[in-house]
Amino acid sequence: MWLVIMTSDPMRRPDARYRSRLAHCAHFARFGVALLLAVAASLLAGRAAAQGADDPAGQGVPRGGSGAVVVPPPSGSTQQPAPPPATLTAPVLKRDEGAVYPKRALADGIREHVDVLLVLEIDATGLVKRATVDKPVGHGFDEAAVAAAAKLVFEPATRNGKPVAVRIRFKYGFDVPAAALVGRLLDAKTGQGIAGAQIVARGSDGRAYTTTSTADGGRWSLSKLPAGKYNVTLSARGYRQQLADLELSPGEETSVLQRMDPDATTTSSSLGGNTPPPAASGAAPAPPIEEIVVKGVRPSREVTVRTLEQREMNRIPGTNGDALRSLQNLPGVARAPGLAGLLIVRGSAPQDTNYFIDGTLVPIVYHFGGLSSVVPTEILEKIDFYPGNFSAQYGRVMGGIVDVGIKDPKKDRLHGLAQADFIDARVLAEGPIGKTGWNFAVGGRRSYVDVWLKPALTAAGAGVTTAPVYYDYQALVQRDFDSHSSIRFMFFGSDDKLDILIRSVNSSEPGLAGGISTHTGFWRLQGRYKNRFDKDTELRVTAAVGEDFVDFNLGDNFFHLESFPITARAELARKVSRGFTLNVGLDVLYQPYDVTVRFPPFPRPGEPPGGPFLSRPSVTTHDVSAIFRPGLYTEAEITPWRGGRIVPGVRLDYAKDTQSWDLAPRFNARQDITQFPRTTLKGGAGVYFQPPQPQETNLVFGMQGLVSNRAIHYGLGVEREITKNVELSFEGFYKQLDYLVLNKVGNVGNGRAYGTELLLRYKPDARFFGWLAYTLSRSERRDAPGEPLRLSQFDQTHILTILGSYRLGRGWEIGARFRLVSGNRYTPNNYGFYDGNAGAYLPLSNYPLNGSQLPIFHQLDVRIDKTWLLKGGARVGMYLDLQNVYNQGNAEGLSYNYNFTQHSFINGLPIIPSLGGRVEY
């Protein structure tokens, strides 16, 4: 620590030249006074001798020989002695409660000592009144240092012994939080603690840490260990030696309970189980380690889970900093046409994928056109994406799962955020609610594309005028009772409106007149409770009520839906024995609805047109009913041997609309082949059911007697940890599709989707993150038994994404994304014929369906960020998200002339620069 003290002195000191002149004047004054005193002394001496008889006490002058004579200053003199120089003392630190190493820094890969230079304003009592960062460091260190500095207490600085207020520079240091390894050694037969055993933990750098178990139940501990991978040897005289491989995380404690067999034969085992010893006479295998308690992230039950971290979510170029849009860059996700705002996962239809927000099912995750997601990035903790082979805790779909986790509100103080760009503006506030123990977060967002797009289209004389507007909002309160239990209530929702005025009549659809309008949205009120009763038992409960609404108008036709979903999910996890955990869960959906529809009947795939669609006779239906779909599941997590993990499960679902039960067994497994570096073989198979859509069982637009669509997933892959930050994964998948619902026909369709996925990923560190993702796939359908397979409209053979983002320093960060994707499938119309009854040309489509393909899509996006840290801890940022840098005119569809003899491509969006600003505190 070093400091500079600045004080305010009420007495202004003379400069050096003035002090020199004063010194000369004082010298001559002293000489004159001495001369006058000498003359006066002579006169007084004579007078004293004459008056000696009259002054017997000698009180007139001091007596003695040649003593000094003391003379008081002359009456009326104004001369004062010079004041002594001020004495300053620096403040001394008395109390420092310390600061926690930021989680954000750990997530960014920072594993080193970091100093933050602060400027502290300390009052005369020694308390810190204000702390500001002098040189920003980032990664959460600045905020942590400011928060910790506010709690510092000093012995106050003094001037001439009096306490004064000062401002100093103060260096606050952060050391990487150490890991801890604790345990007990017990005799396998007697259960008594083993004292005097030697424990050696050797890190990947070769450094060894040793300790011995005590007589107090065989306990031992190793604290302040650097985070990383360790090989642990446990040796006790007369017992089998045990070997264990562990990875310790910063700030976490790993607890191990080991029962040792009293046998001199040496064997080895691991903390996930044990390996039998070499064959020997009478040698029994070493018992596995009884229990491991690691305070960290629970392992996934799925074969493949892609988890995006906070830094990746809001810095991926081309997404405008939107977390959920980043999913479109992962393997297995096809590119949706235009601004569809859909997720096409491994060749499945968009409705085959479910979306959850903190365990609650929601109907959509993207606003109009996919411009933005319905949940802002700032309140997200993580996004888990399961492209297939997901565990039994999820059901009712046969595509993929997106589970969005909401982060806990901040607890230290009030924080705020405001951001605006060309697309939308958002605000967020979070912090503690006084000293109640509750914390809150509240946020909202509104688009203003309508502010500039509608006037631009009107001025350009466009035949279509559009004004999209969307909102979303979030509010939550949470209380943590302790480190194991918490309760949270959250209210969130989304609202989208779009109006399109069509000024000209379409020759092929004369019924399309007036315009198109849509209003969609939802809201949820959610409650969540989590409690770990003990080290072996955990309960998680999530329940929600809400509303979904759709109001769609197309000319004289319309679709109005209002539903009120009630969802509940509860899971109890219990560790039954070592290496065996059982999960039992309940998943219920009850959704009353009221729907009114007026539309012409929809044709079957490949059915010849009976005139322009909107010119056909419309039918109207009104239905008031409810969807009821309860589900039960159980799943085991088994670690039977070293590096192995097996997850068998089964799910039972009921659908009221089909009045049928669906039993879906599933099995996933992982096995570590090597530890340093890690190589993992993974695979799984499972059955997945998806009930028909409500319109498919409607008496007017659908049919009765349907059963659930079915898919059987197969997956096999390998993961290789090349370095600490670089990981390679390769996976093959196959989906067999059966009992697919064909409109007005029944469960007669089938198909398949298969392919391979490659992901080479550099996990975020202090400077860089990025990945290369490539998918090679095929998606095919058969509309009825005996018909040939045809390509699905969701088929995309090649999907390549390369992206990365690098921190240059001084608050600058730059990133880029390049995509190369096979064009979307379509069914061309070669020519048309004139229908006199309809008064329009009708297209004649080629066969087979989706037999043609648009040109290859390719695009480059660039993002530049600059951040400034202001006094008081505020952070200001600017960013430029430049999409389609070289202005590629990618084809998104076809436009035909009036008789379908000629066509042209409809291009996607041109180059779009989105400039935005952001303020955080």
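Fair warning: this is a prediction, and the values are worked out from it, not measured in the lab.

1. Some points on the overall build of the protein
No. 1: Helix and strand content of the protein: five helices and 56 strands.
No. 2: Looking at the protein residue by residue over its 921 residues, the buried ones come to 45%.
No. 3: A fraction of 64% describes how many contacts in the protein between residues 6 or more apart in sequence connect residues 24 or more apart.

2. Here we look at a nonpolar patch on the surface
No. 1: Among the surface-exposed residues, Phe-422, Val-451, Trp-452, Trp-868, Leu-870, Met-878 and Leu-915 lie close enough to one another that they form a single nonpolar patch of about 670 Å² accessible area.
No. 2: By the element assignment, Val-451 lies in helix H5 (residues 449-459).
No. 3: Given the relative accessible area of 53%, Val-451 is considered exposed.

3. Brief notes about the sheet that holds strand S13 (residues 228-235)
No. 1: On the basis of which strands lie adjacent, the open sheet formed by four strands has the order S11-S10-S13-S14 and antiparallel pairing. Strands at the two margins of the open sheet, each flanked by one partner only, are strand S11 (208-212) and strand S14 (242-248). Each adjacent strand pair in this sheet contributes to an overall mean axis angle of 20°, direction not counted.
No. 2: Looking at chain direction, strand S10 (residues 198-203) and S13 are connected through six bridges and run antiparallel. Note that in S13 the partner of Gly-203 across the bridge is Tyr-230.

4. What to know about the nonpolar core
No. 1: Counting 34 residues, the largest nonpolar core has Leu-324, Leu-327, Leu-343, Leu-380, Val-402 and Ile-406 as the members making the most contacts within it.
No. 2: Setting aside its immediate chain neighbours within four residues, Val-402 contacts Leu-324, Leu-327, Leu-343, Thr-353, Asn-354, Tyr-355, Phe-356, Ile-383, Asp-384 and Phe-385.
No. 3: Listed in part, the 28 residues of the second largest apolar core include Val-133, Phe-170, Tyr-172 and Leu-869.

5. A closer look at unusual backbone geometry
No. 1: Unusually for a residue other than glycine, Arg-346 sits at a positive phi of about 50°.
No. 2: Looking at the element boundaries, Arg-346 is found in the loop between strand S21 (344-345) and strand S22 (354-357).
No. 3: Taking relative accessible area as the criterion, Arg-346 reaches 5% and is therefore assigned buried.
No. 4: Of note, Tyr-739 is a non-glycine position whose phi angle comes to about 55°, a positive value.

6. Topic: the pairing of strand S55 (residues 903-907)
No. 1: Sheet analysis places strand S54 (residues 891-896) next to S55, joined by five bridges and oriented antiparallel. The residue of S55 that forms the bridge with Ser-895 is Ser-904.
No. 2: Between S54 and S55, which pair antiparallel and follow one another directly, the connecting turn spans six residues, one of which, Phe-900, has a positive phi of 65°.

7. A look at the pattern of salt bridges
No. 1: Per the counting criterion, the structure on display carries 43 salt bridges.
No. 2: With a closest N to O distance of 2.5 Å, Glu-780 and Arg-752 form a salt bridge. With Glu-780 in strand S44 (residues 768-782) and Arg-752 in strand S43 (residues 746-762), this residue pair connects regions lying 28 residues apart in the sequence.
No. 3: The structure contains a network of salt bridges with shared partners spanning Arg-346, Arg-670, Arg-678, Lys-682, Glu-719, Glu-727, Glu-731, Glu-757 and Lys-763.

8. Considering the side chain of Arg-678
No. 1: Within the secondary structure, Arg-678 is located in the loop between strand S39 (660-674) and strand S40 (679-690).
No. 2: At a separation of 2.6 Å, a polar atom in the side chain of Arg-678 contacts the side chain of Thr-680.
No. 3: If we ignore the near neighbours within four places in the chain, the residues touching Arg-678 are Arg-670, Asp-672, Glu-719, Arg-720, Glu-721 and Glu-727.

9. Focus on the sheet that holds strand S4 (residues 128-133)
No. 1: As summarised here, the arrangement of the three strands in space is S4-S3-S8, forming an open sheet in which the pairing is antiparallel. The open sheet terminates on both sides in strands that have one partner only, identified here as S4 and strand S8 (166-174). Across the sheet, the axes of successive neighbouring strands diverge by a mean angle of 30°, strand direction being ignored.
No. 2: Here strand S3 (residues 114-122) runs beside S4; their pairing, made up of five bridges, is antiparallel.

10. Notes on the packing of aromatic side chains
Note on aromatic pairs: each is described by the distance of the centres and the angle between the planes.
No. 1: Under the counting rule described, the total for this entry stands at 20 aromatic pairs.
No. 2: Ring centres of Phe-154 and Phe-170 lie 5.9 Å apart, and the angle between their planes is 90°; on these two criteria the pair is classed as edge-to-face. Linking Phe-154 in strand S5 (residues 153-155) with Phe-170 in strand S8, this pair joins segments that are 16 residues apart in sequence. Here Phe-154 matches Phe-170 in class, with each residue buried.
No. 3: Geometrically, the ring pair formed by Tyr-172 and Phe-174 is tilted, given 5.6 Å between the ring centres and 40° between the ring planes.
No. 4: When its relative accessible area of 5% is taken as the criterion, Tyr-172 is described as buried.
No. 5: Taken together through their ring pairs, the aromatic side chains of Tyr-101, Phe-141, Phe-154, Phe-170, Tyr-172 and Phe-174 make up a single cluster.
No. 6: Taking NZ or CZ as reference, Arg-335 lies 3.8 Å from the ring centre of Phe-857, over its face.

11. Re helix H3 (residues 141-149)
No. 1: Extensive coverage of H3 is indicated by the burial of seven of its nine residues.
No. 2: Residues Phe-141, Asp-142, Ala-144, Ala-145, Val-146, Ala-148 and Ala-149 constitute the buried set of H3.

12. Considering the confidence of the model for the protein
Reading fine detail from the predicted coordinates is not recommended where pLDDT is low.
No. 1: Averaged over every residue, the pLDDT of the protein is 80; residues scoring 70 or more account for 79%.
No. 2: This stretch, residues 1-72, has a pLDDT under 50; its non-local contacts, to residues over four places away or in other chains, come to 38 contacts.
No. 3: Scored below 50 in pLDDT, residues 264-297 makes 80 contacts in the model with residues more than four places away or belonging to other chains.

13. Comments concerning the pairing of strand S38 (residues 644-655)
No. 1: Pairing of strand S37 (residues 619-638) with S38 involves six bridges; the strand directions are antiparallel. The partner of Ile-638 across the bridge, within S38, is Ile-646.
No. 2: Between S37 and S38, which pair antiparallel one after the other, the connecting turn spans five residues, and Gly-643 there sits at a positive phi close to 75°.
No. 3: Where S38 and S39 come together, twelve bridges link them in antiparallel fashion. In the strand pairing of S39, Tyr-654 is matched with Trp-661.
No. 4: A loop of four residues connects S38 with S39, the two strands running antiparallel in sequence, and Gln-659 in this loop sits at a positive phi of about 55°.

14. Overview of the environment of Leu-737
No. 1: Following the sequence through the fold, Leu-737 ends up in strand S42 (residues 726-742).
No. 2: As a C-alpha pair, Leu-737 and Ala-753 span 16 residues in sequence and 8.0 Å in three-dimensional space.
No. 3: Once residues lying within four places of it in the same chain are set aside, the contact partners of Leu-737 are Arg-710, Ala-711, Asn-750, Gly-751, Arg-752 and Arg-781.

15. Things to note about the environment of Val-687
No. 1: When you line up the elements, Val-687 lands in strand S40.
No. 2: Here Val-687 falls in the buried class, since its relative accessible area comes to 16%.
No. 3: Between the C-alpha atoms of Val-687 and Ala-392, which are 295 residues apart in sequence, the distance is 9.7 Å.
No. 4: For Val-687, the contacting residues outside a window of four places in its chain are Ala-664, Pro-665, Arg-666, Arg-710, Ala-711 and Ile-712.

16. Here's the deal with the side chain of Thr-680
No. 1: Structurally, Thr-680 is set in strand S40.
No. 2: The class of Thr-680 is buried, set by a relative accessible area of 0%.
No. 3: Apart from the residues lying within four places of it in its own chain, the contact partners of Thr-680 are Arg-670, Gln-671, Asp-672, Ile-673, Gly-717, Val-718 and Glu-719.

17. Some thoughts on the environment of Arg-761
No. 1: Within the secondary structure, Arg-761 sits in strand S43.
No. 2: For Arg-761, a relative accessible area of 14% puts it in the buried group.
No. 3: Counting along the chain gives 42 residues from Arg-761 to Leu-803, while the straight-line C-alpha distance between them is 9.8 Å.

Basis of the calculations
Along each chain, residue indices are assigned from 1 in the same order as the chain's sequence is written. Local features in this predicted model are restricted to residues whose pLDDT is 70 or higher, and side-chain atom pairs enter the listing and the counts only when it is 80 or higher, whereas totals over whole chains, interfaces and linings include all residues. Only hydrogens and water are set aside; all other atoms, that is, all heavy atoms of the structure, feed into the side-chain values. Labels follow the DSSP assignment, with helices taken as runs of H or I lasting at least four residues and strands as runs of E lasting at least two, numbered in each case from the N terminus. Buried means the residue's accessible area, taken with a 1.4 Å probe over protein chains only, is under 20% of the maximum for its type, while exposed means over 50%, and partly exposed covers the values in between. Contacts are residue-level and defined by heavy atoms, with any inter-residue pair within 4.5 Å sufficient. Patches here: salt-bridge-free residues with over 30% relative accessible area, like charges joined within 9 Å, nonpolar side chains (Val, Leu, Ile, Met, Phe, Trp, Tyr) joined within 5 Å. We get accessible surface area from the Shrake-Rupley algorithm with a probe of 1.4 Å; when it comes to residues, only the shown protein chains can shield them. Any Lys or Arg side-chain nitrogen found within 4 Å of a carboxyl oxygen on Asp or Glu counts as a salt bridge. Strand pairing is defined by DSSP finding a minimum of two bridges between the two strands. Fitted lines through C-alpha atoms serve as axes, helices being fitted only where they are in contact, and the angles separating the N-to-C directions of these axes extend from 0 to 180 degrees. As used here, the term nonpolar core means buried Ala, Val, Leu, Ile, Met, Phe, Trp, Tyr and Cys residues forming a set that is joined through side-chain atoms within 4.5 Å. Each polar contact in these results corresponds to two N or O atoms within 3.5 Å; when the atoms are within protein, one needs to be able to donate a hydrogen and the other to accept it, and residues that are neighboring in sequence are counted only if both atoms are side-chain atoms. Pairs were defined over the aromatic rings of Phe, Tyr and Trp, the Trp ring being its six-membered one, requiring ring centres within 6.5 Å. Orientation was assigned from the angle between planes: stacked under 30 degrees, edge-to-face over 60, tilted for the rest. We count a charge as sitting over a ring when the NZ of a lysine or the CZ of an arginine lies within 6 Å of the ring centre and within 35 degrees of the ring normal. On a scale of 0 to 100, pLDDT captures the predictor's confidence in every residue.

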